[in-house]
Amino acid sequence: MKKLLLLLICLFLTTAVGCSSSTDNTMPGTGDGDSDGDGDSDGDSDGDSDGDADGDADIENADSPCRGVLPAVVRDFNANHPDFYEGGSLTCNTTTRGLVDDELNSDKKPVFRSSSGTPGDSSKTCDDVDMIDDEDSFNDWYDDGRDSINVELELVEDEEQEGYFTYETALFFPLDNDDPDPGDDGATNHNYLFTTEIHTIFQYKPGQVFTFRGDDDVWVFVDDRLALDLGGIHGVEEGTIDMDDLGLEENRKYTLDVFHAERQPTYSNFKITTSISCFQTVAE
């Protein structure tokens, strides 16, 4: 009799509210079908989508589109800053290596090492000239709290070198439209005295190279390690990174970070040539 009564109750509830043999594991309010409540459906609780619970949005899982474009952040300076100069005010004009450390810090920024470094041309009179005033002044260069603009540097396939892509200009003045009166730079024709910062991701394949040609400082880091050092105030200089020399793993993704500075109002050349055809945006 009791069993019959229980069966009748169950039949009544089934008719009233419905029954299902499956279980809905979606957390209330998330709607993503995961059980950790972070909204990313990867089974951990760190808020990114790489599944490893460390919150760093691993580059191996970057899902931004593949593009032949380098996103850049440009920051304006003037001759009142101790590291940026009016025309003709600097006597030592040469590449200077060793101004920054060999590895980026945890904020993906270069780290000050030396004011003087090692001049590339020993014949230059550099004994009494500091290329960088001090650590505090250098920390201004790529400070995220400083006013900046975002630009995109489009790489165009080289007509003379098949499989190579180039961004090139002898008039690299991305701030001209942002500041139409550049007189505080010691020049009136263009807005000189600025820094450029690029963060991107590429997939390593044997044979890839990355070349920079220009002035002034440029430091290129691959996988957070310094791979090209053309620091200092200088005329047009060129350096090439052969990715095969860096011990990278084929088909794995790596970060590529470029830090540039235009520090004297004479010229502003900026050329990148690379056989890397695809760059991705760094995941936040």
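Structure's up top.
Residues numbered from 1 in each chain as written. Predicted model: local features only at pLDDT ≥ 70, side-chain atom pairs only at ≥ 80, totals over all residues. Heavy atoms only, no water.

Trainee: Help me out: how do you make sense of the side chain of Thr196 in this one?
Mentor: The topology assignment puts Thr196 in strand β7 (residues 194–203). With relative accessibility at 1%, the residue Thr196 sits in the buried group. (Helix = DSSP H or I, 4+ residues; strand = E, 2+ residues; numbered from the N terminus. Buried < 20%, exposed > 50% of the residue type's maximum accessible area, 1.4 Å probe, protein only.)

Trainee: What is the right way to read the pattern of salt bridges from this model?
Mentor: A side chain of one charge can pair with a side chain of the opposite charge if their charged atoms are brought near each other. Summed over all chains, the structure comprises 13 salt bridges. Among the ionic pairs, Lys109 bridges to Glu197, the shortest N-O distance being 2.8 Å. Highlighted residues: Lys109 in the loop between β2 (96–97) and β3 (118–119) and Glu197 in strand β7, separated in sequence by 88 residues. For the pair Lys109 and Glu197, one class covers both residues: buried. As a salt-bridge pair, Glu238 and Arg213 come within 3.9 Å of each other at their nearest N and O atoms. Note that Glu238 is positioned in strand β11 (residues 237–242) and Arg213 in strand β8 (residues 209–214), a separation of 25 residues in sequence. Taken together, the shared-partner salt bridges connect Arg75, Lys109, Asp144 and Glu197 into one network. (Salt bridge = Lys/Arg side-chain N within 4 Å of Asp/Glu carboxyl O.)

Trainee: Looking at this structure, I do not really get the state of the cysteines. What am I missing?
Mentor: Note: disulfide means a covalent bond formed between the sulfur atoms of two cysteine side chains. Going through the model one piece at a time under the given rule, you end up with one disulfide. The disulfide partner of Cys66 is Cys278, and the gap between their sulfur atoms is 1.8 Å. Separated by 212 residues along the polypeptide, Cys66 in the loop between α1 (2–17) and β1 (69–76) and Cys278 in the segment after β13 (270–274) bring together distant segments of the chain. (Disulfide = S-S within 2.5 Å.)

Trainee: I would appreciate a short explanation of the side chain of Thr166 in the present structure.
Mentor: The residue Thr166 is located in strand β6 (residues 165–169) in this model. Here the side chain of Thr166 touches Thr273 through a polar contact of 3.5 Å, side chain to side chain. The residues contacting Thr166, other than those within four sequence positions of it, are Glu154, Leu155, Val156, Asp158, Lys271, Ile272 and Thr273. (Polar contact = N/O pair within 3.5 Å; in protein donor to acceptor, adjacent residues only side chain to side chain. Contact = heavy atoms within 4.5 Å.)

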